[in-house]
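Architecture at a glance
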Amino acid sequence: MTQAELIAALPAGRLPPDLMGLRPTDLLALFGLGLMISAVLSIFVAPFLARRPSRKALIRATRALPPQERMLAIARILGYLPKKLRPAAYGREAPPSNETIERIALKAKTLTARRADR
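Residues numbered from 1 in each chain as written. Predicted model: local features only at pLDDT ≥ 70, side-chain atom pairs only at ≥ 80, totals over all residues. Heavy atoms only, no water.

One way to put it is that helix 5 (residues 67-78) packs onto helix 7 (residues 98-107) with a least axis distance of 11 Å and a crossing angle of 15°. Overall, the two elements helix 5 and helix 7 adopt an arrangement that is roughly parallel. Considering how the two elements wind past one another, helix 5 and helix 7 form a crossing that is right-handed. Together, Arg70, Ile74 and Leu78 of helix 5 and Asn98, Ile101, Glu102 and Ala105 of helix 7 make up the contact between the two elements. For the contact of helix 5 with helix 7, the per-class residue count stands at four nonpolar, one polar and two charged. (Axes fitted to C-alpha atoms, helices over the stretch in contact; angles between N-to-C directions. Helix = DSSP H or I, 4+ residues; strand = E, 2+ residues; numbered from the N terminus. Parallel < 35°, antiparallel > 145°, perpendicular 65-115°, else oblique. Left-handed = near helix turned anticlockwise from the far one by under 90°. Contact = heavy atoms within 4.5 Å. Nonpolar A, V, L, I, M, F, W, Y, C, P; charged D, E, K, R; others polar.)

In structure tokens, the structure reads:
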């Protein structure tokens, strides 16, 4: 017996033929269900797709802090404290101006980039 003969020998469906097809109301219900599923999925996925603030924005956000705390915050952002800021951070020198701190911090590489250079 071939596959075509086997399929032909199967009994017809037990549901009436008009229930076997999709009507416009069924299609509309499926579309609405798809919209609801996509809305739920987007709620769960949105936190993973949110953009993180840039390093520049994070460093600029530390402007209101006192110099010692600002250098500590920059060290947390970068993963280390740049060598040019270390004397001021440990109190051996006067803290540089805000613009100088930002310039040094923005030129510095992140800790992961520094490890890749080694």
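Met71, Ile74, Leu78, Leu81, Leu85 and Ala105 are the most contacted members of the largest nonpolar core, which has 13 residues in total. Of all the secondary-structure elements, those providing two or more residues to this core are helix 5 and helix 7. Among the elements that make up this core, the one with the highest residue count is helix 5 (four residues). When sequence neighbours within four positions are dropped, the list of residues in contact with Met71 reads Leu81, Leu85, Ala88, Ala89, Pro95 and Pro96. (Core = buried A, V, L, I, M, F, W, Y, C linked by side-chain atoms within 4.5 Å. Buried < 20%, exposed > 50% of the residue type's maximum accessible area, 1.4 Å probe, protein only.)

Turning our eyes to something else, we now look at the confidence of the model for the protein chain. The predicted model of the protein chain averages 85 in pLDDT, with 85% of residues at 70 or higher. Element-level mean pLDDT values for the protein chain span from 57 in helix 8 (residues 111-117) up to 95 in helix 3 (residues 24-49). (pLDDT = per-residue confidence, 0-100.)

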